[in-house]
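Commentary on secondary and tertiary structure
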Amino acid sequence: MVAQPHTIIFSRDGKRVYVGCDSPESIAVIDTASNTVIDRYLVGTVQYDFALSPDDKFLYVTAVLNAKNTLYILEAAKGKTVKTIDSTQDQTHIFFKPDGTEFFRCLNGYGISLTNTATELPRSLATLKNPASGTFTNDGKLLYVCITTPGSSVAVIETATLKVLRNITIAPNASYCALSPDNSRLYVVHYSDTPYPG
């Protein structure tokens, strides 16, 4: 049904699932009631990641087209591209603050960016080299970012100021992190053969 999937997101009402596919390079839209693919959105030639806006109206897709890094903003209901924003850096992981006022992007090798959803004005923190992913606290006041190299760690960032409050040293090659629903625990996925207590 869906070949070579890499990203999956549910709509808030649970009626749709959006699945990023490498073959063909697209976003498959699945109706959860019938468990069938009802549409495919073609985006760029290489797709990295995508996020659904908190109101379920738009998909934000980081992709490459004709060797140009581009952020696509699509209507979630129909897949129509409403806007594209070019970037000089590779954009990998993307997701929204819980209140939807900003969205986060990893700029591969060049730090992170928080962009105002309404004005599209970015705030950047270039000192974080090689960010892999991140997650917000429920109130949106803190951002945890996995750093792959040099020295694997999780940076804890105050979102209002983009100030790094502390760095948590973890096992090598951190790739993804997530907070528990009550924000009391942080879970980190990393590529390592050595168990690491955390």
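Before any of the text, the structure's been laid out above.
Attention here is on the structure that accompanies the text. (Residues numbered from 1 in each chain as written. Predicted model: local features only at pLDDT ≥ 70, side-chain atom pairs only at ≥ 80, totals over all residues. Heavy atoms only, no water.)

Here the focus is the pairing of strand β16 (residues 163-169). Both strand β15 (residues 153-158) and β16 contribute to a ladder of six bridges, which runs antiparallel. When the bridges of β16 are listed, Val 156 appears paired with Arg 166. The hairpin turn running from β15 into β16, its antiparallel successor, is four residues long, and Leu 162 in that turn takes a positive phi close to 60 degrees. (Pairing = 2+ DSSP bridges. Helix = DSSP H or I, 4+ residues; strand = E, 2+ residues; numbered from the N terminus.)

Another point: the sheet that holds strand β3 (residues 25-31). Taken together, the four strands give an open sheet; going across it, the order is β1-β2-β3-β4, and neighbouring strands pair in antiparallel fashion. A single partner strand is all that each edge strand has here, and the edge strands are β1 (5-10) and β4 (36-42). For this sheet, the mean inter-axis angle between neighbouring strands, taken without regard to orientation, is 25 degrees. Sheet topology places β3 next to β4; six bridges connect them, and they run antiparallel. Among the inter-strand pairings, Asp 31 is bridged to a residue of β4, identified as Thr 36. (Axes fitted to C-alpha atoms, helices over the stretch in contact; angles between N-to-C directions.)

Our focus in this paragraph is the sheet that holds strand β7 (residues 68-75). Paired through backbone hydrogen bonds, the strands of a sheet run either parallel or antiparallel to each other. Strand order across the open sheet formed by four strands is β5-β6-β7-β8, with antiparallel pairing between neighbours. Taken across any chain shown, the strands that pair with only one partner, and hence form the sheet edges, are β5 (46-52) and β8 (81-87). For this sheet the average axis-to-axis angle between neighbouring strands, irrespective of direction, equals 20 degrees.

Everything listed here is a matter of coordinates, which is why it stays silent on function.
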